[in-house]
Structure formats: structure tokens, C-alpha cells
Amino acid sequence: GAVVSQHPSWVICKSGTSVKIECRSLDFQATTMFWYRQFPKQSLMLMATSNEGSKATYEQGVEKDKFLINHASLTLSTLTVTSAHPEDSSFYICSARDQGGYTFGSGTRLTVV
Amino acid sequence: GEDVEQSLFLSVREGDSSVINCTYTDSSSTYLYWYKQEPGAGLQLLTYIFSNMDMKQDQRLTVLLNKKDKHLSLRIADTQTGDSAIYFCGRSGGYNKLIFGAGTRLAVHP
């Protein structure tokens with residue numbers, strides 16, 4: 001089946017630094033990928049839709065300058081959390097559209113200290 | 001996802017059936033999904049149903065869709081401790097987006 005690889009699985013960074021999270025489709029091409037943020041009380045919030053070769057589409061309330069998305073190839077999308085602050089600490093999950101539906105990465109736990 | 005709603009918690013005894021319910025507001029959804037999330041992990045697709053179907057069964061899982069009432073349910077027969085997880089109901093939306101409910105935490109006890 002389709003596999004989406006996401007890394008790092010966890011990262012701790014200092015406040016004010018930037019962190020890049022990668023999402024790769026391993027055995028299929030994904031023109032569209034999605035980035036979610038999961039809050040402590042479990043709900044999943046769609047942050048943005050990543051489109052290969054064009055600008056990402058952000059959901060209402062998500063700062064595009066804060067969460068930079070790049071989808072430069074058919075198998076790789078990256079999310080960069082810029083100038084991270086403790087309130088950005090969260091679990092970030094990517095997914096890719098494939099023939100069977102949506103396949104998810106294993107998530108990245110970001111902790112900003 | 002305020003347009004997809006689920007109860008937040010369900011507790012069942014091992015061996016019993018679990019029924020997780022979901023309601024949604026957008027009737028244009030083409031597919032409806034159930035995903036499972038174990039602690040610290042990503043989401044695993046359990047099953048999905050096309051909007052013109054009423055029911056889908058896959059081993060211990062049964063999905064019922066009432067399109068008129070915009071109600072989706074997931075029944076897990078013979079629930080085991082390994083089924084303890086968070087279950088997300090999701091609907092496909094515009095631009096192929098997948099919108100989730102808040103998730104239902106299923107706790108299975110002996």
C-alpha cells in the first residue's frame with residue numbers, strides 16, 4: 001500500500017529558531033499533500049493544502065508566513081515553522097492523496113522551549 | 001472541524017461491540033472515512049464508504065451511513081484491548097480536503 005514518510009518524528013528547538021518537517025510519498029506521486037496540527041485535546045486541524053509546483057492553500061486563521069510550505073517535487077512537501085514559540089508546540093501530521101484515499105505520515109512532535 | 005462532530009469518549013468491555021457515531025453537515029461529501037490513531041502515531045485508514053452506499057462491512061468493522069440524517073457510524077464487533085485508540089471520522093471536502101471530527105477516544109476494559 002501507499003506509504004508516507006514523515007520526519008523527524010520528534011524535535012525540540014529553542015524559541016525563535018525555525019524547524020523544518022519533511023513529508024515524502026515513498027511509492028507514489030502526490031500532487032497534493034495536506035498538513036494537520038493536532039492539539040492536546042486530540043482534535044486535528046487542517047492547516048494547509050500543499051500543491052506541487054504552486055503556492056499552498058492555507059486554511060482560515062493559519063499564518064502563511066509562520067508556517068511555510070514548499071512542495072517542490074511530486075514526492076516531497078516540507079513545512080517550516082519559522083521563529084517558533086512555545087505555543088507552536090504540537091503534533092504535526094502530513095498526509096498525501098493516493099488512489100486509496102489519504103495516507104498519513106507518522107507525525108512530528110514539536111516542542112519549543 | 002466544526003462541521004463534523006463526534007462524541008469524545010467511549011468506554012466498552014472487552015468482547016462487547018463498540019459503536020462510534022459521527023454527524024456532518026456538508027451533504028456534498030463524496031467519501032466518508034474512519035481513521036484510527038494510536039498514541040503518538042499517525043492515522044491509519046480503517047475503512048471508507050462512498051456516499052451512495054448505506055453500509056459497508058469489513059471483518060469486524062461495519063460502517064452505516066444515513067445520508068438523509070448525515071449520520072455515520074462505525075461498529076467494531078468483539079472489541080479487543082488492541083482496539084483502544086482515537087477514532088476519527090472524516091469527510092472529503094472541496095479541493096480534495098479531508099476534514100475530521102474531534103475524534104472519539106475508545107477505552108476497552110476487561
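Computed from a predicted model, the values in this text were never measured in an experiment. (Residues numbered from 1 in each chain as written. Chains lettered and ligands numbered in written order. Predicted model: local features only at pLDDT ≥ 70, side-chain atom pairs only at ≥ 80, totals over all residues. Heavy atoms only, no water.)

K.L.:
Before we move on, could you go through the overall build of chain A and cite the residues and values that matter?
P.N.:
Summing up its helical and strand segments, chain A has zero helices and 11 strands in all. Once the C-alpha set of chain A is aligned to its principal axes, its extents read approximately 40 × 25 × 20 Å. Within chain A, buried positions represent 53% of all 113 residues. Taking all contacts inside chain A whose residues are at least 6 apart in sequence as the whole, residues at least 24 apart take part in 52%. Here chain A displays about 5400 Å² of accessible surface, and carbon together with sulfur accounts for 52% of that area. (Helix = DSSP H or I, 4+ residues; strand = E, 2+ residues; numbered from the N terminus. Buried < 20%, exposed > 50% of the residue type's maximum accessible area, 1.4 Å probe, protein only. Contact = heavy atoms within 4.5 Å. Areas by Shrake-Rupley, 256 points an atom, 1.4 Å probe, with all protein chains shown as cover.)

K.L.:
Quick rundown of the overall build of chain B? Include the residues and the values.
P.N.:
The secondary structure content of chain B amounts to zero helices and 11 strands. Mapped in sequence order, the helices and strands of chain B form the string β-β-β-β-β-β-β-β-β-β-β. Its C-alpha atoms give chain B a radius of gyration of 13 Å, near enough to 13 Å, the size a compact globule of 110 residues would have. When its C-alpha atoms are laid out on the principal axes, chain B stretches across 40 × 30 × 20 Å. Counting every position in chain B, which comprises 110 residues, the buried fraction comes to 44%. Counting only contacts in chain B whose residues sit at least 6 apart along the sequence, the fraction spanning at least 24 positions is 54%. For chain B, the exposed surface amounts to about 5500 Å²; the carbon and sulfur share of it is 48%. Positive and negative charge centroids in chain B, built from 11 and 12 side chains respectively, lie 3 Å apart. (Rg over C-alpha atoms; globule rule 2.2 N^0.38 Å. Lys, Arg positive; Asp, Glu negative; His and termini not counted. Charge placed at Lys NZ, Arg CZ, Asp CG, Glu CD.)

K.L.:
I'd like a rundown of the packing of aromatic side chains, residues and numbers included.
P.N.:
For the structure shown, the criterion picks out 14 aromatic pairs over all chains. Aromatic pair B:Tyr31 and B:Tyr48: ring centres 5.8 Å apart, planes at 65°, arrangement edge-to-face. Of this pair, B:Tyr31 sits in strand β4 (residues 31-37) while B:Tyr48 sits in strand β5 (residues 43-50), and the two are 17 residues apart along the sequence. Ring geometry for B:Tyr33 against B:Tyr35: centres 6.1 Å apart, planes inclined by 35°, an arrangement best described as tilted. Classification of B:Tyr33 as buried rests on a relative accessible area of 2%. Through a chain of ring-to-ring contacts, the aromatic side chains of A:Phe34, A:Tyr36, A:Tyr102, A:Phe104, B:Tyr31, B:Tyr33, B:Tyr35, B:Tyr48, B:Phe50, B:Phe88 and B:Phe100 assemble into a single cluster. (Phe/Tyr/Trp six-rings, centres within 6.5 Å; stacked < 30°, edge-to-face > 60°.)

K.L.:
Outline unusual backbone geometry, supporting the account with residue identities and numerical values.
P.N.:
The omega torsion across A:His7 and A:Pro8 is 5°, close enough to zero to call that bond cis. The topology assignment puts A:Pro8 in the loop between β1 (4-7) and β2 (10-13). At A:Ser83, a residue that is not glycine, the phi angle is positive and equals roughly 40°. One can find A:Ser83 in the loop between β8 (76-81) and β9 (90-98). Positive phi, normally seen in glycine, also occurs at B:Gln59, with a value near 55°. Tracing the sequence through the fold places B:Gln59 in the loop between β6 (55-58) and β7 (61-66). Looking at B:Gln59, the relative accessible area reads 74%, which means it is exposed.

K.L.:
Explain the sheet that holds β8(A) to me, and be specific about the residues and the numbers.
P.N.:
Residue and element names in this part refer to chain A. Ordered in space as β1-β3-β8-β7, the four strands form an open sheet in which the pairing is antiparallel. If you trace the sheet from one side to the other, it starts and ends with β1 and β7 (67-73), each paired once. Across the sheet, the mean angle separating the axes of adjacent strands is 15° when strand polarity is ignored. (Pairing = 2+ DSSP bridges. Axes fitted to C-alpha atoms, helices over the stretch in contact; angles between N-to-C directions.)

By themselves, these observations are geometric and do not establish any function.
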